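Remarks on the overall topology
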Amino acid sequence: MPTLNRIRLEAVEDAGGGCLRLVCAPASLIAPMPGQFYMVRGPWEADPLLPRPFSIARFRSVKNGQIQLEFLLRIIGRGTRLLGTARAGSELDVLGPLGIGFEQPPGDSAWMVAGGIGIAPFPALIDAIATPKRKLSLLVGARTEAEIPGFNDFAANLTGGVEIATDDGSAGFAGTVVDLLASRLDRASDQTPSQVYVCGPHAMMEAAAAVCMDAGIPCSVSLEAPMGCGMGTCRGCVIRTFRNTNFTICTEGPVTDANVIWSEQNSQ
Amino acid sequence: MTADLSVRIGDLTLRNPILTASGTFGYAAEYETMVDFNKIGGIITKGISPEPRLGNPQPRIWETESGLINAIGLDNVGVEDFEQSKLDYLRKIECAVIVNFFAESAEGYAKLARTLGAMAGVDALEANISCPNVKAGGREFGVDPVAAAEVTIASREATNCPLIVKLSPDVSNIGDIASAVADAGADAVTVANSMPAMAIDIESRRPRLSFGRGGLTGPAVRPIVTRLVYESAQATDIPVIASGGASNWRDVVEFLLAGASAVQAGTVNFVNPRASVEMAEGLETYCRQSGINSLTQLVGAVDMP
Ligand SMILES: Cc1cc2nc3c(=O)[nH]c(=O)nc-3n(C[C@H](O)[C@H](O)[C@H](O)COP(=O)(O)OP(=O)(O)OC[C@H]3O[C@@H](n4cnc5c(N)ncnc54)[C@H](O)[C@@H]3O)c2cc1C
Ligand SMILES: Cc1cc2nc3c(=O)[nH]c(=O)nc-3n(C[C@H](O)[C@H](O)[C@H](O)COP(=O)(O)O)c2cc1C
Ligand code: FES
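Here we summarise the structure given alongside this text. (Residues numbered from 1 in each chain as written. Chains lettered and ligands numbered in written order. Predicted model: local features only at pLDDT ≥ 70, side-chain atom pairs only at ≥ 80, totals over all residues. Heavy atoms only, no water.)

1. Some points on the environment of B:Gly142
Residue and element names in this part refer to chain B. Convention followed: Under the DSSP-based scheme used, a helix requires at least four consecutive residues in state H or I and a strand at least two consecutive residues in state E, with every element numbered from the N terminus. Three exposure classes are used, based on accessible area relative to the maximum for each residue type with a 1.4 Å probe and protein chains only: buried under 20%, partly exposed in between, and exposed over 50%. Between two residues, a contact is recorded if the distance between any of their heavy atoms is within 4.5 Å.
Within the secondary structure, Gly-142 sits in the loop between β8 (124-128) and α3 (145-158). Among the residues examined, Gly-142 registers a relative accessible area of 0% and is labelled buried. Counting along the chain gives 73 residues from Gly-142 to Gly-215, while the straight-line C-alpha distance between them is 14 Å. Once residues lying within four places of it in the same chain are set aside, the contact partners of Gly-142 are Ile-129, Ser-168, Val-171 and Ile-177.

Here's what the structure looks like:
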């Protein structure tokens, strides 16, 4: 069950790739699941009006059952620009944890595929699923090298390696991260992952889901749409599935199996 | 001494004038952990139609300066599922339960009003008349006094349940519509639904919403709604319920002074899910501190030049 809390920021750090890390002070909060999100708003008046959705990037339990949250943020427009001016000591209103998060992978190897700031929910996921014998890999793409968010602080458990894709070829694989995913699956046919997790822009997730479906690999995606409430009431975030039914991203997602949204037929 | 904040709508007594607006509070259960329903006057459900509706494709909402444009497309569970899966919870909560509803013909409104009005646990109905009249070629019921009265009469004859009619703000004389609806038997009017609006992406040259147009809500519309509430209250004796941009107890007092008997909290629920309770508590404190012991001392008390 979500709660609404005013929390203080302990630090605002450069997270690389033009992204910021907002580290909250420990507070009495409900422990989230990786892949869940919060509706976040600064204590300003009526503009910008709505809170903005952000994935839980990382969290830890500290003393007295308190929870310390971390968000990763890319500045896009008015709301994120204002949030980006927050400093240590600034206060934020956070409503959450909201939605359905990631599940454990069914086997010993899992790949995470991030489009830009889509990397945000993966540090928490890695913390939750890493085991000594699991091989976890991260594929991260952006338009250009300067936009690749940093990953060093959570790379230790990425025993399957990290690969970068840039559209302009300035670093790593030249092409989209979905092209990289397809080519890595070709290369790795003897050791395909038991699960692929994807987070990024909608079209990128749809393309990645098609690649996974073709390869017969379970794929879960973290969907996004403009959100008003985060609680299932405004109906703003509802998308249509291939079965012509409604899917409410904030309550039935944001994380879901790709085959709930897109048909396997369409991918062939 | 605590002030008497109660309000009467037909046979229904609300403990205080704060209601949550249709489409901004789901079916109440969603807010169970955040809102103490004992502290507000009532909740109004998402608009219910005869059949379930999927609503519009993405994008459905777009934020503008201090406002929100939505074109949800009346996405709702339909009356059957409402009774089966939402009503049990609503019967348990201790504030008034008002069901918002709409249809595409006067007969459709009558049928739905009869069905909903007979359900145990439904304390009042709110007819949303800002939707297209299929028979009149898609023109809204709410923009024409004759069509508005027709829907009101049809609904009124179908049920004894207190009936609120929710008006469109997009009219040249809201007083005419309010008095037509009052004469047709409505117990109250809600003023008003969202304001027709539009936003365009200058890069793609396409509208921001898939539907093209949408309805503007939130603080941006409040001064316009204050004027509409004032004009409606001047035109009729039935209670006027303000809906548009209220965010805090000060806005509530302003609407009461303009002539409203009750005030709905809408878009503000997204900004702060506890807003309705905070508005009720703030109003109570204000009344206590200003020596007001009945809301009648405030309603319509604006000192116009
Ligand atoms: C479940 C979920 C989790 C997210 N997690 C993160 C995260 O961890 N880090 C991060 O940087 N971003 C994340 N986003 C995207 C983030 O919410 C948007 O970048 C942000 O809302 C943009 O607001 P703005 O005012 O700066 O942009 P503007 O473009 O000015 O916003 C205009 C409107 O569109 C909405 N909007 C714009 N882009 C998006 C988008 N991509 N998704 C949803 N709504 C959008 C805004 O909320 C606002 O209502 C997430 C989105 C969702 C749905
Ligand atoms: C997302 C959204 C959905 C809405 N759905 C309905 C609806 O189903 N029926 C209705 O009569 N009004 C609906 N409304 C209008 C509100 O009930 C209210 O009249 C309007 O938002 C103005 O008040 P506000 O500025 O306080 O939000 C909706 C408004 C919003 C923002
Ligand atoms: S954000 Fe309001 S229903 Fe999902």
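2. Points about the nonpolar core
Side chains that are nonpolar tend, in soluble globular proteins, to be buried together. Stated formally: In plain words, nonpolar cores are sets of buried Ala, Val, Leu, Ile, Met, Phe, Trp, Tyr and Cys residues tied together by side-chain atoms within 4.5 Å. How far each domain reaches was decided by an automatic or database domain assignment.
Judged by nonpolar contacts, the single largest core of 149 residues is most densely connected at B:Phe37, B:Tyr109 and B:Leu167. Element by element, the count of residues in this core is highest for helix α4 (residues 202-215) of chain A, at 7 residues. Counting only domains with at least three residues in this core, you end up with domain 1 (3-98) and domain 2 (109-267) of chain A. Non-local contacts of B:Leu167, meaning those with residues more than four positions away in its chain, are made with B:Ile129, B:Ser130, B:Ile174, B:Ile177, B:Ala178, B:Val181, B:Val189, B:Thr190, B:Val191, B:Ala192 and B:Asn193. Core analysis: the next-biggest nonpolar cluster, separate from the first, contains 25 residues, A:Ala57, A:Leu72, A:Leu125 and A:Ala142 among them.

3. Brief notes about the site of ligand 1
How we decide: Here a residue is considered near a molecule or strand provided that any single heavy atom belonging to it is located within 4 Å of it. The Shrake-Rupley method, run with a 1.4 Å probe sphere, supplies the accessible areas, and residue values consider only the shown protein chains as cover. Under the scheme applied, nonpolar residues are Ala, Val, Leu, Ile, Met, Phe, Trp, Tyr, Cys and Pro; charged residues are Asp, Glu, Lys and Arg; polar residues are all the others, including Gly.
Neighbouring ligand 1 are 21 residues, the closest being A:Pro53, A:Leu72, A:Arg74, A:Gly79 and A:Thr80. Looking at the residues close to ligand 1, they fall on chains A and B. Protein contact buries 86% of the 830 Å² of open area that ligand 1 shows by itself. Contributing elements (two or more residues each) for the shell around ligand 1: β4 (52-55), β6 (67-74) and α1 (78-83) of chain A. Sorting elements by how many residues they give to the shell around ligand 1 places β4(A) first, with 4 residues. Considering only residue class, the shell around ligand 1 consists of 13 nonpolar, 4 polar and 4 charged.

4. Some thoughts on the interface of chain A and chain B
Spelled out, the test is: When two components associate, each loses some accessible surface as probed by a 1.4 Å sphere; the sum of these losses over both components is called the buried area. In the sections that follow, a salt bridge refers to a side-chain nitrogen of Lys or Arg positioned within 4 Å of a carboxyl oxygen of Asp or Glu. Think of a polar contact as two N or O atoms within 3.5 Å of one another; within protein, one of them needs to be a possible hydrogen donor and the other a possible acceptor, and neighboring residues in sequence only count if both atoms come from side chains.
With 30 residues of chain A at the interface, the matching set in chain B holds 31 residues. Summed over both sides, the interface of chain A with chain B buries roughly 2,500 Å², with 61% coming from carbon and sulfur. In terms of surface lost to chain B, no three residues of chain A exceed A:Leu4, A:Leu49 and A:Thr233, which account for 25% of the buried area on that side. Linking chain A with chain B are 3 salt bridges. The salt bridge partner of A:Arg235 is B:Asp75, with a shortest N-O separation of 3.3 Å. In this structure, the connection of chain A to chain B is made through 15 residue pairs in polar contact (both at pLDDT 80 or more). No other element matches strand β14 (residues 238-240) of chain A, which puts 3 residues into the side of chain A that touches chain B. Residue composition of the side of chain A that touches chain B, by class: 18 nonpolar, 6 polar and 6 charged.

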